[in-house]
Amino acid sequence: MTDDKDVLRDVWFGRIPTCFTLYQDEITEREAEPYYLLLPRVSYLTLVTDKVKKHFQKVMRQEDISEIWFEYEGTPLKWHYPIGLLFDLLASSSALPWNITVHFKSFPEKDLLHCPSKDAVEAHFMSCVKEADALKHKSQVINEMQKKDHKQLWMGLQNDRFDQFWAINRKLMEYPAEENGFRYIPFRIYQTTTERPFIQKLFRPVAADGQLHTLGDLLREVCPSALAPEDNPTPKRQGLDVQACAQKV
Amino acid sequence: MDSSDGYMCKMHFQIKNETVVSRAGTSAHEQTCLPMEEALELPLDDFEVTESTATNEVIKYEYHVLYSCSYQVPVLYFRASFLDGRPLALKDIWEGVHECYKTRLLQGPWDTISQQEHPILGQPFFVLHPCKTNEFMTPVLKNSRKINRNVNYITSWLSLVGPVVGLHLPLSYAGAASQDE
């Protein structure tokens, strides 16, 4: 893992310059200025936008405010997707800053999950970590950890503490010396062109002949259209073009 | 491993605070045990609400059974709305959980029932978490082998988890399962 430390840091500290603008039909007592913020790629919208919320609520009346939600060019933004994923999926070809519209009414029930509190974000994040460990280690590593370790993982993310986070996460990224890798690789492939939200399948890190699988192997097996020469879209992982990283999954 | 996936779906109407309203018609598909690997999208039943009083609200429940390849167990997804389309909130769902499961729910509500994105439809659904499924299904399977009786895993699982979220299976399900022996 040590030679990957630079990549880990690049992913963790990735930021997206964003401009938040209040939806024009929201009722305000005076004009709302846009709010600029650098968003962490690895975090979640509802976790990092307290200041955005406060900024716009200052010019609104309490009765005109209900649950906040975000939208980009008409598409409601799923807060439960990592910010970097949302950007790469929807806005990577547009000029920076990323322009997001802020809403305080007409919550789109059919499109978005509710986020009643930070507990909802924590529950979602931990649920993803647990599912990943079910694939990697049959849940053995995550279940052997104490509650305080789970808490440290969450707090590391919430407070943007790379070392605090990785002190625990490194245990989730290890595998026994006799194995060649995890049991299955946890992955999800998102595309805007398909109806289903993502592709997720069981995929082993090692082929039958003992060769390590590459990202190319994975894509060829589960999403061959992504490699079609005619379209040739470049797969992205948190904004980093993956050709360079394709040697080893 | 290429498994075309789908889900089993069931609609159900209930008057709030009262027991199940009778349904007109049952799809033949619901009574057979279907391998989860088949792509299936069952036709929704036509349900008739036979009784409703002005002071009670009718709630429409939609249940989907999907298979989680991460946990290798079936997972129950569901959503609920009033007839005018207003969806129920997570708080309403938690409050609606049967009394005998309330204690367990309150110990860790976020670990038990939460709102999640349906992996095929991409829409918000409530989910009964699968983490503990193996814990309670193992004794059922062990016991069935002991008494040398075929057990339809899905029927047994659904009869165990369904009532937690208000889904009650009619006895005809058990009858249909044993017909396959």
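Within any chain, residue numbers begin from 1 and follow the written order of that chain's sequence. Chains carry letters from A onward and ligands carry numbers from 1 onward, assigned in written order. Restriction of local features to residues with pLDDT of at least 70 applies here, the model being predicted, together with a cutoff of 80 or more for giving and counting side-chain atom pairs; totals for whole chains, interfaces and linings are based on all residues. Excluded from the side-chain calculations are hydrogens and water; all other atoms, namely the structure's heavy atoms, are used.

1. Notes on the overall build of chain A
Okay, step 1: Numbering goes from the N terminus for both helices and strands, where a helix is a DSSP run of H or I of at least four residues and a strand is a run of E of at least two. Along the backbone of chain A there are nine helices and seven strands.
Okay, step 2: Our radius of gyration is a C-alpha quantity, and the globule rule it is checked against amounts to 2.2 Å times the number of residues to the power 0.38. Relative to a compact globule of 249 residues, whose C-alpha radius of gyration would be 18 Å, chain A shows 20 Å and is just as compact.
Okay, step 3: For chain A, the proportion of its 249 residues judged to be buried stands at 44%.
Okay, step 4: Expressed as a percentage of contacts within chain A between residues at least 6 apart in sequence, the contacts between residues at least 24 apart total 65%.
Okay, step 5: Per-residue accessibility takes into account occlusion by the displayed protein chains alone, with areas from the Shrake-Rupley method and a 1.4 Å probe. As presented, chain A carries roughly 14,000 Å² of accessible surface, and 49% of it is formed by carbon and sulfur atoms.
Okay, step 6: Within this scheme the basic residues Lys and Arg register as positive and the acidic residues Asp and Glu register as negative, but His and the chain ends are omitted. Think of each charge as sitting on NZ of Lys, CZ of Arg, CG of Asp or CD of Glu. Here chain A contributes 32 positive and 36 negative side-chain charges, whose respective centroids are spaced 5 Å apart. Burial status follows relative accessibility: with a 1.4 Å probe on protein chains alone, a residue under 20% of its type maximum counts as buried, one over 50% as exposed, and anything between as partly exposed. By the convention used here, residues are in contact when the closest approach between their heavy atoms is within 4.5 Å.

2. Section: the side chain of Lys-136 of chain A
Residues and elements named next belong to chain A.
Okay, step 1: Of note, Lys-136 is situated in helix H5 (residues 118-137).
Okay, step 2: When a carboxyl oxygen of Asp or Glu is within 4 Å of a side-chain nitrogen of Lys or Arg, the pair counts as a salt bridge. Despite its burial, Lys-136 pairs with no opposite charge; the closest candidate is Asp-133, at 4.8 Å N-O.
Okay, step 3: A polar contact is formed between the side chain of Lys-136 and the backbone oxygen of Leu-172, at a distance of 3.0 Å.
Okay, step 4: Beyond its immediate stretch of four places on either side in the chain, Lys-136 contacts Leu-172, Met-173, Phe-182, Arg-183, Tyr-184 and Pro-186. Pairing of N or O atoms within 3.5 Å defines a polar contact, subject to two protein rules: one partner must be a possible hydrogen donor and the other a possible acceptor, and residues neighboring in sequence count only if both atoms are side-chain atoms.

3. Section: the interface of chain B and chain A
Okay, step 1: Taken together, the contact between chain B and chain A spans 19 residues of the former and 29 residues of the latter.
Okay, step 2: Carbon and sulfur atoms supply 53% of the area that chain B and chain A bury against each other, a total of about 1,900 Å² over both sides.
Okay, step 3: Our enumeration of links across chain B and chain A arrives at one salt bridge.
Okay, step 4: Lys-78 of chain A is paired through a salt bridge with Glu-117 of chain B; the nearest N and O atoms lie 2.4 Å apart.
Okay, step 5: Across the chain B-chain A interface, the total number found is seven residue pairs in polar contact (both at pLDDT 80 or more).
Okay, step 6: Ranked by residues supplied to the side of chain B that touches chain A, first place goes to strand E4 (residues 113-117) of chain B with three residues. Note on definitions: buried area is the accessible-area loss of two parts on being combined, 1.4 Å probe, summed for both.

4. Quick notes on the nonpolar core
Okay, step 1: Nine residue types can take part in a nonpolar core, namely buried Ala, Val, Leu, Ile, Met, Phe, Trp, Tyr and Cys, and a core is a set of them joined through side-chain atoms within 4.5 Å. Residues Phe-20, Leu-45, Trp-98, Val-102 and Phe-125 of chain A are the most contacted members of the largest nonpolar core, which totals 50 residues.
Okay, step 2: Not counting chain neighbours up to four residues away, the residues in contact with Phe-125 of chain A comprise Tyr-44, Leu-153, Trp-154, Leu-157 and Phe-165 of chain A.
Okay, step 3: With 24 residues, the next largest nonpolar core counts Met-8, Leu-76, Phe-126 and Leu-167 of chain B among its residues.

5. A closer look at the environment of Pro-97 of chain A
Okay, step 1: Note that Pro-97 of chain A resides in the loop between helix H4 (83-90) and strand E5 (98-103).
Okay, step 2: A sequence separation of 60 residues divides Pro-97 of chain A from Leu-37 of chain A, and the C-alpha atoms of the two residues are 9.4 Å apart.

6. Focus: the pairing of strand E5 (residues 124-128) of chain B
Residue and element names in this part refer to chain B.
Okay, step 1: The buried fraction of E5 is high, at five of five residues.
Okay, step 2: Neither face of E5 is left uncovered, since the one carrying Pro-124, Phe-126 and Leu-128 and the one carrying Phe-125 and Val-127 both have all their residues buried.
Okay, step 3: Strands are treated as partners if at least two bridges between them are detected by DSSP. Sheet analysis places strand E3 (residues 73-82) next to E5, joined by three bridges and oriented antiparallel. Bridging from a neighbouring strand, Tyr-77 pairs with Val-127 of E5.

7. A closer look at the packing of aromatic side chains
Okay, step 1: Two rings belonging to Phe, Tyr or Trp (six-membered ring only in the last case) form a pair when the distance between their centres is within 6.5 Å. Interplanar angles under 30 degrees mark stacking, angles over 60 mark edge-to-face geometry, and anything in between is tilted. Counted by the stated rule, this structure contains 18 aromatic pairs over all chains.
Okay, step 2: Taking 6.0 Å as the distance between ring centres and 75° as the angle between the ring planes, the aromatic pair formed by Phe-165 of chain A and Trp-166 of chain A counts as edge-to-face. The residues Phe-165 of chain A and Trp-166 of chain A share a single accessibility class, namely buried.
Okay, step 3: Ring geometry for Tyr-61 of chain B against Tyr-63 of chain B: centres 5.9 Å apart, planes inclined by 10°, an arrangement best described as stacked. The burial state of Tyr-61 of chain B is the same as that of Tyr-63 of chain B; both residues are buried.
Okay, step 4: Taken together, the ring pairs in this structure connect Trp-12, Phe-13, Tyr-44, Phe-125, Trp-154, Phe-162, Phe-165 and Trp-166 of chain A into an aromatic cluster.
Okay, step 5: In this structure, Arg-188 of chain A is placed above the aromatic ring of Phe-198 of chain A, and the distance from its NZ or CZ to the ring centre is 4.2 Å. Two thresholds decide whether a charge sits over a ring: the Lys NZ or Arg CZ must be within 6 Å of the ring centre and within 35 degrees of the ring normal.

8. Looking at the pairing of E5 of chain A
Residue and element names in this part refer to chain A.
Okay, step 1: In terms of burial, E5 is a largely internal element, five of the six residues being buried.
Okay, step 2: With five bridges joining them, strand E1 (residues 15-22) and E5 adopt parallel strand pairing. Paired with Leu-22 across the bridge in E5 is Val-102.
Okay, step 3: Pairing analysis gives three bridges linking strand E3 (residues 69-72) to E5, with the strands arranged antiparallel.

9. Topic: the UniProt feature "domain: Autophagy protein ATG5 alpha-helical bundle region" (unreviewed entry) in chain A
Okay, step 1: When the UniProt feature table is mapped to this numbering, "domain: Autophagy protein ATG5 alpha-helical bundle region" (unreviewed entry) covers residues 118-174 of chain A.
Okay, step 2: The span residues 118-174 of chain A carries 84% helix and 0% strand; its end-to-end C-alpha distance comes to 29 Å. UniProt positions are given in the numbering used here, feature names are shortened, and annotations may be inferred rather than shown by experiment.

10. Things to note about the sheet that holds strand E4 (residues 75-76) of chain A
Two pairing modes exist for strands in a sheet, parallel and antiparallel, and in both the strands are linked by backbone hydrogen bonds.
Okay, step 1: Ordered by their spatial adjacency, five strands build an open sheet running E2-E1-E5-E3-E4 (chain A), and the pairing between neighbours is mixed. Each edge of the open sheet carries a strand with a single partner, namely strand E2 (35-40) and E4 of chain A.

11. Concerning the packing of helix H7 (residues 147-158) of chain A against helix H8 (residues 162-172) of chain A
All names here are of chain A.
Okay, step 1: For helices, the axis comes from a line fit to the C-alpha atoms of the stretch in contact; other axes are also lines fit to C-alpha atoms, and the angle between any two N-to-C directions lies between 0 and 180 degrees. In contact at an axis separation of 7 Å, H7 and H8 are set at 125° when each is read in the N-to-C sense. Classified by the angle their axes make, H7 and H8 are oblique. Crossing angle aside, the handedness with which H7 passes H8 is left-handed. Facing H7, whose interface residues are Asp-149, Gln-152, Leu-153, Met-155, Gly-156 and Leu-157, H8 presents Gln-164, Phe-165, Ala-167, Ile-168, Asn-169, Lys-171 and Leu-172.
Okay, step 2: Three classes are used, and their members are as follows: Ala, Val, Leu, Ile, Met, Phe, Trp, Tyr, Cys and Pro are nonpolar, Asp, Glu, Lys and Arg are charged, and the others, Gly among them, are polar. Class assignment for the residues of the contact of H7 with H8 results in seven nonpolar, four polar and two charged. An angle below 35 degrees is treated as roughly parallel, one above 145 as roughly antiparallel, one from 65 to 115 as roughly perpendicular, and anything else as oblique. If you view the pair so one helix is near and one far, a crossing is left-handed when the near helix is turned anticlockwise from the far one by less than a right angle, and right-handed when it is turned clockwise.

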